[in-house]
Structures are given as structure tokens and as C-alpha cells.
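Tertiary structure, described
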Amino acid sequence: MQALLDAIAAMSLPSEASRIFHGRGGMHPGCEQWVLDAYPPVFVLTSFAPVTDDQLAAIGAALQVRWAHIATPEAPLCWVFQQRGEALRIEGRSETRLMAGEVPDRHVVTEAGANFRVHVLRGQNHGLFLDMAAGRRWVSRHAEARRDDRYGLKVLNLFAYTCAFSVVALQAGARQVVNVDMSHGAIAIGQQNHQLNHLTAGATFLPHDIFSSWGKITRSGPYGLVIVDPPSYQKGSFVATKDYARLMRRLPDLLVPGGHALLCLNAPELGEDFLQAQMRELAPELAFVERVANPAVFADVDEQRALKVLVYRAPELPVSA
């Protein structure tokens, strides 16, 4: 785990939510099990394989030494360790423990000027997916470029989770965002995120199952941007290999002429071709524009295993003669 220790020794004091070390990308042989994230003022260390007490002690000592160099003397080090399901031999399970310091009761982090509620002591998802930072930047730039459009940008945010896409879109000038997610708890945090950023208008929150709510979703459209960011596998909710196609078929009717779709997929076993081939078959009128590059810290030895964020565009209306 020397590469992880080296990353700790070289890190700066994090001011925003960010990944410090990404062993999962395979760029550091022997460290594939380790991930270190900063949710200031808390560090979250995650292991996807069994660990020893000696390993945790060494990492804790490295964090303490670096903290003493980069933080003010009165600020205590706070870090959390999470053991993920692969190491527990039970898929989808995790165990989390506080190793040092105190996690704020109301834990708010920032990213590119936006504020988000997070919860690092429960569950595998902490409230903000750090690998999607570049996707959020793309949405922000896209909304900013359309700030002065005649009717403003209307966004559909499917599988909205805690509505981070909605926050950045509205901050950048989107007129309206419709957020849909079947988790009432996630949507409630999403509403808090809008309040944290003083966004009092423009957002709609629908705590519904997307596949049984197409009537309501369609009536609110059409949209200049549709964001699709589903879980790759969530039993009883969404399985990418069979359910993504159901979304793709809907896209042409959901988009205004010239509108864009942002399709996201975080499934190591499914490459970019999985999305591209189905889009060619199910929504051929939508043209592929680009794949959004992931943040550099999330570099992977095989980009097909990494997060896929693809942009498509609907055709413009034909110009009258």
C-alpha cells in the first residue's frame, strides 16, 4: 500500500470534496483495494478487500503526520474507515467506523461553489458521487451557455439521488429542473441541497418510480437536457443490462429539437459500446457528441471499466424554405 501512503504524504489540505487516492483504477499495482476521499473536514478510507489492524494503524499514522503539517494546530484529524461488501463476503454490505475525531452533525461539503449535505457514517453512498464531478461541470457549462435562450433551459434529472445535477444547473441559469428518484430520503436531501444553495425556485421533486411515472414526466416536457444517471445494478429498481434500453426508447420524445441527453453508466463490466450500440438501435436519430472525460484522479488502466458519461444531441427542426 506504499502508493496510498505516498499520496497521503503529498496531499494538500483539502478545501472541497475530492478523491485523494483511487486504487480501484489499477494505476497503482498492489493498491487496487484502497480508496481515500476527502469530505472536509473528514477523510474517508475505503477498502474492497480484507485489512489488518497493522495496515489501518500505518494509514492512520500517515494521516496524522501529514495532518500535523497541513492543518492548524487546534484542528483535530477526523477519519472514517469503511469495509465494503466484497471483503465482507456479502454483496452490497458495508461496515463503517469512526477511527479518529468527530464527524459534524450537519456535514456540508463544497464543490465548485456549490454546497451539499453528506453522510459518511452510514451506507455506501455518501450523498455526493465524487467521480461525477466532471459531469456536473459539463451540466453547469451547458446551462450557462443557454442562460439567455428565449425560453431558458428545462432539465429532466432522472435517478436524481440527492439532486446535485439540479443544483449546478440552476446555479448556472437553467430555468427549471424536474428531479425524479424513487427514494424519498434522497429526494429530501436534494431539497435540502437546494436550500443550502439558496435556490428557492425552479426545481420540482418527484419521489416516484420512473418507470411508472412516464405520464407525469412527459407532461412536464419536452426538455432541453435529459440526464440519465442510474445505478448499474439495484435489485428491484434498475438493472442496466435490461432497463437502460427502456430509457433510451423514450429519449427522442422527451427532447426538444436540438436538445441534449447525458447518459451515465458506472458499471466496470459494461463498456462504452454497451451504450453506443443500444443508442444506435433504439434512438438512432440522436447523434453522439462526446464522452466527458473523468477527473484525472479517477484514471483507470482500462477506460472502458471507468465511469462512462456520454453526450447525445437530438436533430434540429428543418429550416423552412
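The paragraphs below set out a description of the structure included in this document.

We now examine the overall build of the chain. Per the secondary structure count, the chain includes 10 helices and 16 strands. Relative to the 2.2 N^0.38 estimate, which gives 20 Å for 321 residues, the radius of gyration of the chain is 21 Å and therefore close to what a compact globule would have. Taken along the three principal axes of its C-alpha coordinates, the chain extends 75 × 40 × 35 Å. Within the chain, the proportion of its 321 residues that are buried is 51%. Accessible surface for the chain amounts to roughly 15200 Å². Of this, 50% is attributable to carbon and sulfur atoms.

Looking now at the sheet that holds strand S8 (residues 154–158). Within the open sheet, the 7 strands sit side by side as S10-S9-S8-S11-S14-S16-S15. Their pairing is mixed. Sheet topology places strand S10 (203–206) and strand S15 (287–291) at the edges, where each strand pairs with a single neighbour. Averaged over neighbouring strand pairs, the angle between their axes works out to 15 degrees when direction is ignored. Alignment of strand S9 (residues 176–180) against S10, held across 4 bridges, turns out to be parallel.

What the rule picks out here adds up to 7 aromatic pairs. A connected cluster of aromatic rings, assembled from ring pairs, spans Phe 159, Phe 211, Trp 214, Phe 238 and Tyr 244. Just above the ring of Phe 48 sits the side chain of Arg 24; from NZ or CZ to the centre is 3.7 Å. Above the ring of Phe 211, the side-chain terminus of Arg 246 is found at 3.8 Å from the ring centroid.

Let's shift gears to helix H6 (residues 184–196). With 13 residues, H6 extends 18 Å between its outermost C-alpha atoms, agreeing within 8% with the 18 Å of an ideal straight helix rising 1.5 Å per residue. Regarding H6, the residues found buried are Ala 186, Ile 187, Ile 189, Gly 190, Asn 193, His 194 and Leu 196. Angularly, the buried residues of H6 cover 165 degrees about the axis, an arc narrow enough to put them on a single face. With respect to the buried face of H6, the exposed residues turned more than 90 degrees away are His 184 and Gln 195. Where H6 is buried, its residues meet strand S6 (108–111), strand S7 (114–117), helix H5 (164–171), S9 and S10. Just past H6, the residue His 198 takes up positive phi, approximately 55 degrees.

Before going further, it helps to spend a moment on the side chain of Asn 179. By secondary structure assignment, the location of Asn 179 is in strand S9. A polar side-chain atom of Asn 179 sits 2.9 Å from a polar atom in the side chain of Asn 157. Sequence-distant contacts of Asn 179, defined by excluding residues within four places in its chain, comprise Asn 157, Ala 160, Cys 163, Ser 166, Ile 187, His 194, Ala 203, Thr 204, Phe 205 and Leu 206.

Turning to the sheet that holds strand S2 (residues 34–39), a few remarks are in order. Read from one edge of the open sheet, 5 strands run S1-S2-S3-S4-S5, paired in mixed fashion. Looking along the sheet, the strands with just one partner apiece sit at the ends: strand S1 (18–22) and strand S5 (94–100). Strand after strand, the sheet turns through a mean of 20 degrees between neighbouring axes, direction not considered. Strand direction decides the pairing type here: strand S3 (residues 42–47) and strand S4 (residues 79–84), joined by 5 bridges, are parallel. If you follow Phe 43 over to S4, its bridge partner there is Trp 79.

The rules behind these values
- Residues numbered from 1 in each chain as written.
- Predicted model: local features only at pLDDT ≥ 70, side-chain atom pairs only at ≥ 80, totals over all residues.
- Heavy atoms only, no water.
- Helix = DSSP H or I, 4+ residues; strand = E, 2+ residues; numbered from the N terminus.
- Rg over C-alpha atoms; globule rule 2.2 N^0.38 Å.
- Buried < 20%, exposed > 50% of the residue type's maximum accessible area, 1.4 Å probe, protein only.
- Areas by Shrake-Rupley, 256 points an atom, 1.4 Å probe, with all protein chains shown as cover.
- Pairing = 2+ DSSP bridges.
- Axes fitted to C-alpha atoms, helices over the stretch in contact; angles between N-to-C directions.
- Phe/Tyr/Trp six-rings, centres within 6.5 Å; stacked < 30°, edge-to-face > 60°.
- Lys NZ or Arg CZ within 6 Å of the ring centre and 35° of its normal.
- Expected span 1.5 Å × (residues − 1).
- Arc of directions from axis to C-beta.
- Contact = heavy atoms within 4.5 Å.
- Polar contact = N/O pair within 3.5 Å; in protein donor to acceptor, adjacent residues only side chain to side chain.

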